[in-house]
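# A structural walkthrough
Here is what each chain is made of, one letter per residue.
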Amino acid sequence: MGKGMKALGIVVAMAMASGALPAEAQTPIKFTLDWVFQGPTSPFLVALEKGYYKAEGLDVTMDPGQGSAGAVQRVATGAYQIGFADVNSTIEYNAKNPGKEVLCVFMAYDFAPFGVYALKKSGIKVPKDLEGKKLGAPVFDASFRLFPAFARKNGITKWEHVNLTPQLREQSLVQGSVDFISGHYFSSMLDLKARGVKYDDIVAMRYVDYGLDVYGNGIVVSQEIAKNEKAVKGFVAATIKGWRDVIKDNKLGVAAAKKRDPLIDDALELERLQLSLQTNILTPYVKQNGMGDVEPERFARSVKLVSDAFALPQAPAPDKVFTNKFLPPKADRMVAQ
């Protein structure tokens, strides 16, 4: 009997050490991405795979998404507690739903990846050349939704919108049925490359380079889960560890994405991940201040800019959109090597 109890004790100790035992103590979290499993979102998968969420007492399930606005909606309705979504979609949702705000608790893309893209052979060189041209874009695409603000800043007064599915967007540009497209830089550039277009033949106009200094994607939480400070802090801390691992070893991220979607092209996703790290994540601000926070004045300006672009009745207060109260100390957020 004594030996049996001792053996059981060893099994229990081993289970506890591996984090496998107290399932009832784990807080279940449904997490939604904004889009499919790809290189740039692989740090979440790495954090899940390595047990970082479990170590924080969280039982996390992850699903792909169908666009940022949809991810915000999923979190707002309570179908998911936490999401990865464009903060500009969050600004819009919060302005239209006072009292039911979704909160961004961690800024991942310090520079937004939004932009429009044309082919050099079209003769388009600068934003003004887009005047009166055909823009191919899905209606829910964040770059498309902010295009009116980009147009206003750059003196473009008219254009024609051709509604396309994401799958047809780059193909339509290559075939010439549209003059330019909108999309995330690290997606459209690589999707065009995958269709045989050389980088040198693409005219890329990133909004951040043309007067639209807005933020990109971050972690958003529902009002309900925001009451559970320990869970939200744990989710953020675990995710940062995932990001640190992927920044250290990019291929680790691609391998994690490949497990979820065996059809992805490893080389393409590695390049996509590296592009997002270089252009959106490891910015001068993040290298100096760590990942996850915002510059208050810049963020306030971006909320106003986005509210004007979306013709919102009024801009929401910045603290109704973003808070840094769930972030770990700066030292724990230094992810750049």
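Overview of the structure.

What counts as what
- Residues numbered from 1 in each chain as written.
- Predicted model: local features only at pLDDT ≥ 70, side-chain atom pairs only at ≥ 80, totals over all residues.
- Heavy atoms only, no water.
- Helix = DSSP H or I, 4+ residues; strand = E, 2+ residues; numbered from the N terminus.
- Buried < 20%, exposed > 50% of the residue type's maximum accessible area, 1.4 Å probe, protein only.
- Pairing = 2+ DSSP bridges.
- Axes fitted to C-alpha atoms, helices over the stretch in contact; angles between N-to-C directions.
- Parallel < 35°, antiparallel > 145°, perpendicular 65-115°, else oblique.
- Left-handed = near helix turned anticlockwise from the far one by under 90°.
- Contact = heavy atoms within 4.5 Å.
- Nonpolar A, V, L, I, M, F, W, Y, C, P; charged D, E, K, R; others polar.
- Core = buried A, V, L, I, M, F, W, Y, C linked by side-chain atoms within 4.5 Å.
- Salt bridge = Lys/Arg side-chain N within 4 Å of Asp/Glu carboxyl O.

### Quick word on unusual backbone geometry
- Residues other than glycine seldom take positive phi values, yet alanine 311 does so here, at roughly 50 degrees.
- With respect to the secondary-structure elements, alanine 311 resides in the segment after α15 (296–309).
- On the basis of relative accessible area, alanine 311 is assigned to the exposed category, the value being 63%.

### So, the pairing of strand β1 (residues 27–32)
- With six bridges joining them, β1 and strand β2 (residues 58–63) adopt parallel strand pairing. Bridged to phenylalanine 31 within β2 is methionine 62.
- Relative to strand β3 (residues 82–86), β1 is paired through two bridges, and the arrangement is parallel. In the sheet register, threonine 32 faces β3, and the bridge partner there is glycine 83.

### A look at the sheet that holds β2
- The five strands are arranged β2-β1-β3-β10-β4 in an open sheet whose pairing can be described as mixed. Both edges of this open sheet fall to β2 and β4 (103–107), since each of them pairs with a single strand only. Direction aside, neighbouring strands of the sheet carry axes that sit 30 degrees apart on average.

### A word on the packing of helix α4 (residues 68–76) against helix α5 (residues 87–96)
- In contact at an axis separation of 9 Å, α4 and α5 are set at 50 degrees when each is read in the N-to-C sense. As far as their axial angle goes, α5 and α4 are oblique. Between α4 and α5 the crossing geometry is right-handed. Across the interface between the two elements, Ser68, Ala69, Val72, Gln73 and Ala76 from α4 touch Ser89, Thr90 and Tyr93 from α5.
- Here the residues of the contact of α4 with α5 sort into four nonpolar, four polar and no charged.

### Brief notes about the environment of aspartate 201
- Mapped onto the fold, aspartate 201 is located in the loop between α9 (185–194) and β9 (202–206).
- Its relative accessible area of 37% is what places aspartate 201 among the partly exposed residues.

### Quick notes on the nonpolar core
- Judged by nonpolar contacts, the single largest core of 61 residues is most densely connected at Phe31, Phe44, Tyr53, Phe106, Phe235 and Trp243.
- Among the elements that make up this core, the one with the highest residue count is helix α11 (residues 229–248) (nine residues).
- Ignoring anything within four residues of it in the chain, the contact list for phenylalanine 31 reads Phe44, Val60, Thr61, Met62, Asp63, Tyr80, Ile82, Gly83, Phe84 and Phe235.
- If you look at the next biggest cluster of nonpolar residues, it comprises 46 residues, including Val72, Leu130, Leu146 and Phe310.

### A look at the side chain of glutamine 38
- Considering the arrangement of structural elements, one finds glutamine 38 in the loop between β1 and α2 (42–49).
- On the accessibility criterion, glutamine 38 (13% relative accessible area) is buried.
- In this structure glutamine 38 touches Ser187, Ala257, Glu269 and Arg272, once residues within four positions along its chain are discounted.

### Remarks on the sheet that holds strand β5 (residues 114–119)
- The five strands lie next to each other as β7-β6-β8-β5-β9, forming an open sheet whose pairing is mixed. Each of the sheet's edge strands pairs with one partner strand only, and the pair in question is β7 (160–163) and β9. Recorded for the sheet is a direction-independent mean angle of 30 degrees between the axes of neighbouring strands.
- Across four bridges, the pairing between strand β6 (residues 134–137) and β7 is parallel. If you follow lysine 134 over to β7, its bridge partner there is glutamate 160.

### Considering the pattern of salt bridges
- This structure, assessed with the given rule, holds 18 salt bridges.
- Note that glutamate 170 and arginine 169 form a salt bridge whose closest N and O atoms lie 3.4 Å from each other.
- Between glutamate 269 and arginine 272 there is a salt bridge whose closest N-O contact spans 3.0 Å. Of this pair, glutamate 269 and arginine 272 are both found in helix α13 (residues 266–281), three residues apart, which corresponds to roughly one turn of the helix.
- Among the ionic contacts, a cluster of salt bridges with common partners joins Glu92, Lys96 and Arg145.

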